[in-house]
Amino acid sequence: KKVNSEYQPHGNLNSRTNCQTVVVATDLQARGFDVKASIPYSSEIKDKISSRPNIAYIDPKTGKSPEFTISKVTNQVECEKWLNDNIKQGERHIFGFQWKQKSSDEKTTKHIVIATKDKNNKLVIYDPQNGHKYENAGDLLDKVQYNFSWSEEKCPPKLLRVDDKEPNTKILNQILKPSKN
């Protein structure tokens, strides 16, 4: 709640269309920073971070933004196995995907969440935008779109380990603010 305190699922566009910034703020809170998401609904940086949330990080080995690992999964079972194979206990990842469309005229939407493993090595997915923790990963993975074409508008499930990356302060200073203000 603290990272996205103004969240209203059917209200303020700024707080319900900001998963990309809330995920970054949540990661930084896990590192001990007291920050929350804060960017206007329509802004150049929001568009940039929305399509490339990896720019919020720097890979200390390369000095550049890290790249997502893109899956080739085609269903929920494959996706859960892929996540389990790619996430180790103690790591924190951001997991991006496309929601299933409820109808053919519904707009395609993407989403990004935090994926980790608990002390029992069980996959846990946390959606910091609304504060929901998926103890059973299948509850979220059932809502992911798997059958899609590889176009710019589509988003195959993808992962980026972030706990071993450095925050990109040039980007973070534009999308986050102190929680106390």
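Rules used throughout
- Residues numbered from 1 in each chain as written.
- Predicted model: local features only at pLDDT ≥ 70, side-chain atom pairs only at ≥ 80, totals over all residues.
- Heavy atoms only, no water.
- Helix = DSSP H or I, 4+ residues; strand = E, 2+ residues; numbered from the N terminus.
- Buried < 20%, exposed > 50% of the residue type's maximum accessible area, 1.4 Å probe, protein only.
- Contact = heavy atoms within 4.5 Å.
- Pairing = 2+ DSSP bridges.
- Core = buried A, V, L, I, M, F, W, Y, C linked by side-chain atoms within 4.5 Å.
- Expected span 1.5 Å × (residues − 1).

Draft legend 1. Region of the structure containing the environment of Q76. On the secondary structure map, Q76 appears in helix α4 (residues 76-86). Overall, Q76 belongs to the partly exposed group, its relative accessible area being 25%. For the pair Q76 and A137, spaced 61 residues apart in the sequence, the C-alpha separation amounts to 9.7 Å.

Draft legend 2. Up close: the side chain of N168. Take N168: it is sitting in the loop between β9 (166-167) and α6 (169-175). The exposure class assigned to N168 is buried, which follows from its relative accessible area of 13%. If sequence neighbours within four positions are ignored, N168 has contacts with I55, A56, Y57 and I58.

Draft legend 3. Structural detail: the pairing of strand β8 (residues 158-161). The pairing of strand β3 (residues 69-70) with β8 spans 2 bridges and is antiparallel. Along β8, the bridge assignment pairs T69 with L159. When strand β4 (residues 93-98) meets β8, the two strands line up antiparallel, connected through 4 bridges. Opposite F95, over in β8, you have L159 as the bridge partner.

Draft legend 4. Structural detail: the nonpolar core. Residues V24, I94, I175 and L176 are the most contacted members of the largest nonpolar core, which totals 21 residues. Filtering out sequence-adjacent residues up to four positions away, I94 remains in contact with V23, Y57, F68, I112, V113, I114, K158, L159, L160 and V162. In this structure, L123, A137, L140 and Y146 belong to the second largest nonpolar core, which totals 18 residues.

Draft legend 5. Structural context of helix α2 (residues 19-30). For α2, which comprises 12 residues, the first-to-last C-alpha distance of 16 Å matches the rise-based estimate of 16 Å (1.5 Å per residue) to within 8%. In terms of burial, α2 is a largely internal element, 10 of the 12 residues being buried. Within the sequence span of α2, burial applies to C19, Q20, T21, V22, V23, V24, A25, T26, D27 and L28. Backbone geometry just after α2 places G32 at a positive phi near 105°.

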